[in-house]
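An overview of the molecular structure
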Amino acid sequence: PCPAVPGWLPTLQLARHGSKAVTRHWKAMHFQRQKLLALTEYLPPRPAVPPRCLPRHNEPTHEEDGYARLLRRQVQEVFQSSRMVAVCQYNSMPEEDMATMRHYLRKHNIEVKFVLNEIVRPVLEQSKYRNLLPLFVCRNILLVSPETRAKEMLRVLKGVPQVNLLGACIDDTILSRQGVENFARLPSLEASQGQTVGALALLPSQTSSLLQRGPLLLTALLDEHIRQLRDMGSPREPPQEQGT
């Protein structure tokens, strides 16, 4: 065996420690001590005036962002300067399709406006268009135009399934999707005005003809009666003698 080298320790040592004794156990508090603690418990004094009767402290007002005010002003100007404002649900679509849709809508003088609900809802709540609020619950876009181009708008949206028409406000009248489709089937303003003028001119002409029919008939009867009297009063010509 190798002689022991001073200062050398074995690589593996076994150490055994004794378990510690548990000296603290839960013990129920004595009844007398519980009563003493209950009697000496601190009770804060009640306020002389109930808190609900005290004046409320004014909460610090949150200053509105200037950019948000600018966006709300722009939305308000859009509703005031446009005769047609259509609300559509917008789903994700490629940028090329969006550019194509904008191009075809711009041909008919229709612009696409992206709006946020937190911007447009406060504007509608204080305006006459508050009935449009239920439509702004998801990601929406506005199709605005200074003219009523409902027929052209529906023709373009028919080829874009990612944009769904929810409703519109045309000439200060709120319409549903079915109402917009019915409005698009109506004739143009010039044709409607021509039909109205023709209908209004027909009634006076019929009334005038009915009023003139009686005097004309009476005049014809009197002329016929005078002619018959003249024929009866004129002397008859003697018959001519026949030559032998």
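Residues numbered from 1 in each chain as written. Predicted model: local features only at pLDDT ≥ 70, side-chain atom pairs only at ≥ 80, totals over all residues. Heavy atoms only, no water.

The name given to the chain in an unreviewed UniProt entry is Large ribosomal subunit protein uL10m, with the source organism recorded as Furnarius figulus. Per UniProt, the comment on the chain under Sequence similarities (unreviewed entry) is "Belongs to the universal ribosomal protein uL10 family." You can read under Subcellular location (unreviewed entry) in the UniProt record for the chain the words "Mitochondrion". (UniProt positions renumbered as here; feature names shortened; annotations may be inferred.)

**A word on the overall build of the chain**
Across its full length, the chain carries 7 helices and 5 strands. Ordered by position from the N terminus, the helices and strands of the chain form the series α-α-β-α-β-α-β-α-β-β-α-α. Taken across its 244 residues, the chain has 20% of its residues classed as buried. By sequence separation, contacts in the chain at least 24 residues apart represent 75% of the contacts at least 6 residues apart. Summing over all exposed atoms, the chain offers an accessible surface of approximately 20800 Å²; the carbon and sulfur share of this is 56%. (Helix = DSSP H or I, 4+ residues; strand = E, 2+ residues; numbered from the N terminus. Buried < 20%, exposed > 50% of the residue type's maximum accessible area, 1.4 Å probe, protein only. Contact = heavy atoms within 4.5 Å. Areas by Shrake-Rupley, 256 points an atom, 1.4 Å probe, with all protein chains shown as cover.)

**So, the pattern of salt bridges**
Enumeration according to the criterion identifies 7 salt bridges in this entry. In this structure, the salt-bridge partner of Arg83 is Asp171, at a minimum N-O distance of 2.9 Å. Of this pair, Arg83 sits in the loop between α2 (66–81) and β1 (84–90) while Asp171 sits in the loop between β4 (163–170) and β5 (173–176), and the two are 88 residues apart along the sequence. Under the relative-accessibility criterion, Asp171 is labelled partly exposed at 37%. We note a salt bridge from Lys128 to Asp172, for which the minimum N-O separation is 3.5 Å. Taken together, the residues Lys128 in the loop between α4 (117–125) and β3 (140–145) and Asp172 in the loop between β4 and β5 connect sequence positions 44 residues apart. Comparing Lys128 with Asp172 shows no difference in burial state: the two are exposed. Put simply, Glu224, Arg227 and Asp231 are held in one network by salt bridges that share partners. (Salt bridge = Lys/Arg side-chain N within 4 Å of Asp/Glu carboxyl O.)

**Some thoughts on the pairing of β1**
The element β1 is extensively covered by neighbouring structure, given that 6 of its 7 residues are classed as buried. Strand direction decides the pairing type here: β1 and β3, joined by 6 bridges, are antiparallel. Pairing of Met84 across the sheet is with Ser145, part of β3. Judged from the 7 bridges that link them, β1 and β4 form a sheet pairing that is antiparallel. Paired with Ala86 across the bridge in β4 is Ala168. (Pairing = 2+ DSSP bridges.)

**So, the packing of helix α3 (residues 95–107) against helix α5 (residues 150–157)**
Helix packing geometry: the angle between the two helix axes and the distance between the axes. Orientation of α3 relative to α5, taken along the N-to-C sense of each, is 160 degrees, at an axis distance of 10 Å. By the angle between their axes, α3 is roughly antiparallel relative to α5. Note that α3 runs across α5; the crossing there is right-handed. Mapping the contact onto sequence places Met101, Tyr104 and Leu105 in α3 and Met153, Val156 and Leu157 in α5. Counted by class, the contact of α3 with α5 contains 6 nonpolar, no polar and no charged residues. (Axes fitted to C-alpha atoms, helices over the stretch in contact; angles between N-to-C directions. Parallel < 35°, antiparallel > 145°, perpendicular 65-115°, else oblique. Left-handed = near helix turned anticlockwise from the far one by under 90°. Nonpolar A, V, L, I, M, F, W, Y, C, P; charged D, E, K, R; others polar.)

**Side note on the pairing of β3**
Moving residue by residue along a regular strand, the side chains alternate between the two faces of the sheet. Among the 6 residues in β3, 6 count as buried, and that is most of the element. Here β3 shows two buried faces, one formed by Asn140, Leu142 and Val144 and the other by Ile141, Leu143 and Ser145. As paired strands, strand β2 (residues 111–114) and β3 are joined by 4 bridges and run antiparallel to one another. Across the sheet, Glu111 pairs through a bridge with Val144, a residue of β3.

**Details of unusual backbone geometry**
The phi torsion of most residues other than glycine is negative, and most of the peptide bonds are trans. One non-glycine residue, Asn109, lies in the positive phi region at around 60 degrees. The residue Asn109 is located in the loop between α3 and β2 in this model. Taking the relative accessible area as the measure of exposure, Asn109 reaches 34% and is therefore partly exposed. For Asp172, which is not a glycine, the phi torsion comes out positive at approximately 60 degrees. The class of Asp172 is exposed, set by a relative accessible area of 53%.

**Focus on the sheet that holds β5**
Spatially, the 5 strands line up as an open sheet ordered β2-β3-β1-β4-β5, and their pairing is antiparallel. In this open sheet, the two strands that pair with only one neighbour each are β2 and β5. Neighbour to neighbour, the strand axes of the sheet diverge by 25 degrees on average, direction disregarded. Here α5 sits on the sheet and contacts β1, β3 and β4; the angle it forms with β4, its principal contact strand, is near 170 degrees.

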